[in-house]
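Listed below are the residues making up each chain.
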Amino acid sequence: MAYIFGTKSQSVINEVLFTTTTTWACNYTCRAIVTTIGAGGGGAAARNDAAANSIMAAGGGAGGVAKSLLTLTSGTSYVATIGGQGSYVATAGDEANTGGTGGNSTFGVSGQPVLMTGNGGAGGTAGQGGSASSGTGGAGGAASGGNIFNATGGEGGDAACTAFSSSGFHIGAGGGGAAGGFGKGHRGGDAACTTGGYNKVTAGGGAGVWGEGGDATGLNGNGMELAGVGGSIWGKGHSFSEASDRNPFLAVLPQIYNYNWKFRGLYAIGQSTSYLTDSTETMQGQTKSIFDGLTGGAGKRTRQNNYAYSGPGAGGTGTFGSGAYATGANMPGLFGGGGADCTFAGSGGCYGGAGSFGAGGGGAAAYSNSNPYSGKGGGGLVVISILEYL
């Protein structure tokens, strides 16, 4: 006879994931942690094809997360309802449009009131025109029914021009929020054009699983482009608040050299070109749980001047300039919020990064004769993490 001493194990044996609405006939009795995640909201989009305007688009909010320890019974049918992604939006000329709201996700026994709910995040708002304008990040969705925790999703990053000059453009887009898979949601990075000056571009980073997206704040001066770095499990993404250009993909971040190095998260080896567009979906090693291994760093330039894109758990880094979409540079890793995108050349495309599961999409703001497209929110998810078969 085998004996087990001590408390019951909390290790995950295996997992069942639902990405579409499913009625599941459970054919075994088990003790499991059930995680219900609402869908993320879409980022906002704003455009004007004339330079003397402020153009602001906020990020989408993340869905709520309910987490419970349950005993699931053989022969019982359970229903996992999966919230749909908050839609992206585009403009049709000079206008400002709000991103779509993410759908609610629920889990419960078929034919009975639901046990758990993760509400969807709201879409970001936008503004544009010949005066100071702003967009407000989408609110995070609430959650209910969890007996471990209920976590409200992180809100999307705001975008605001607080000091307008008709001598040039003022462009800003916020990053998407991240869902609270570990008990707390985190907001996307804010974008702000403040004090005096003109011809400013600011793009916020997407939130990570345990850190806000980096903020981008343009101070007094003319002709500057700044982007915040995505958040990660290692904390808030690096923020810039200054009056000079700061592009995390073109110059190494502060405290990155040997003598003053600061750890900012893990990244995949061999990122030597900006065209490795699949890197944010690269498998980082097989684990028993989708919530394991979310230790990736956000996209940035490395010490050896290579490109590293966001890994698992990290938000997308903000981008600016026509063509950033072709590289996927503002796309997040698993569970991260989408990074914002801006363009300011009077022409060319602009695409916010889509959020991962439960996360908000990045905003898209353009001084361009082409319409910008915001990032859509990440879809909802229900995860059954089996701890013990009974």
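Residue numbers restart at each chain and count upward from 1, following the sequence in its written direction. This being a predicted model, a pLDDT of at least 70 is required before a residue's local features are given, and a value of 80 or more before pairs of side-chain atoms are given or counted; all residues contribute to the totals for chains, interfaces and linings. For the side-chain quantities, the full set of heavy atoms in the structure was used; hydrogens and water were omitted.

### Comments concerning the environment of V383
Then, in step 1: Strands are runs of DSSP state E lasting at least two residues, helices are runs of H or I lasting at least four, and both sets are numbered from the N terminus onward. The residue V383 is located in strand β27 (residues 381-389) in this model.
Then, in step 2: Between the alpha carbons of V383 and I33 there is a distance of 8.0 Å; along the sequence they are 350 residues apart.
Then, in step 3: Any two residues whose heavy atoms approach within 4.5 Å are treated as being in contact. For V383, the residues in contact, after removing those within four places along its chain, are E15, V16, L17, I33, V34, T35, I290 and F291.

### Some details on the state of the cysteines
Two cysteines form a disulfide when their sulfur atoms are joined by a covalent bond.
Then, in step 1: Disulfides are defined as cysteine sulfur pairs within 2.5 Å. For the structure on display, the rule yields zero disulfides.
Then, in step 2: Looking at C342, it has no disulfide partner, and the nearest cysteine sulfur is the one in C350, 6.0 Å off.

### Considering the sheet that holds strand β20 (residues 224-227)
Then, in step 1: With respect to topology, five strands assemble into an open sheet ordered β11-β5-β16-β18-β20, the strand pairing being mixed. Because the sheet does not close on itself, it has two edges, and the strands there are β11 (126-129) and β20. Averaged over neighbouring strand pairs, the angle between their axes works out to 5 degrees when direction is ignored.
Then, in step 2: Note: two strands are recorded as paired if DSSP finds a minimum of 2 bridges between them. One ladder, built from four bridges, connects strand β16 (residues 170-173) with strand β18 (residues 200-203); its direction is parallel. To define axes, lines are fitted to C-alpha atoms, for helices over the stretch in contact only, and angles between the resulting N-to-C directions are given on a 0 to 180 degree scale.

### Considerations on the confidence of the model for the protein chain
Then, in step 1: The quantity called pLDDT is the predictor's confidence in a given residue, expressed from 0 to 100. Of the residues in the protein chain, 92% reach a pLDDT of 70 or more, and the chain-wide mean stands at 91.
Then, in step 2: Under a pLDDT of 50 for its full length, residues 1-7 has, in the predicted model, zero contacts with residues more than four places off or in other chains.

### Section: the sheet that holds strand β21 (residues 240-242)
Then, in step 1: Reading across from one edge, β12-β15-β17-β19-β21 is the order of the five strands in this open sheet, with mixed pairing throughout. The sheet terminates laterally at β12 (134-135) and β21, the two strands that pair on one side only.
Then, in step 2: As paired elements, strand β17 (residues 191-193) and strand β19 (residues 216-218) share three bridges and run parallel to each other. By the bridge assignment for β19, A192 is matched with T217.

### Considering the pairing of strand β6 (residues 65-72)
Then, in step 1: Classification of residues uses two cut-offs on accessible area relative to the type maximum, computed with a 1.4 Å probe and protein chains only: under 20% is buried, over 50% is exposed, and between them is partly exposed. Extensive coverage of β6 is indicated by the burial of six of its eight residues.
Then, in step 2: The pairing of strand β3 (residues 30-37) with β6 spans eight bridges and is antiparallel. Note that in β6 the partner of V34 across the bridge is S68.
Then, in step 3: Inspection of the sheet shows β6 paired to strand β14 (residues 149-151) by three bridges, in the antiparallel sense.

### Details of the environment of G60
Then, in step 1: Topologically, G60 is positioned in the loop between β5 (54-57) and β6.
Then, in step 2: With relative accessibility at 0%, the residue G60 sits in the buried group.
Then, in step 3: Separated by 40 residues in sequence, G60 and G100 place their C-alpha atoms 8.3 Å apart.

### Comments concerning unusual backbone geometry
Then, in step 1: The phi angle at N199 is positive, at roughly 55 degrees, despite the residue not being glycine.
Then, in step 2: With respect to the helices and strands, N199 occurs in the loop between β17 and β18.
Then, in step 3: The class of N199 is partly exposed, set by a relative accessible area of 24%.
Then, in step 4: Positive phi, normally seen in glycine, also occurs at F335, with a value near 75 degrees.
Then, in step 5: Mapped onto the secondary structure, F335 falls in the loop between β24 (319-320) and β25 (341-346).

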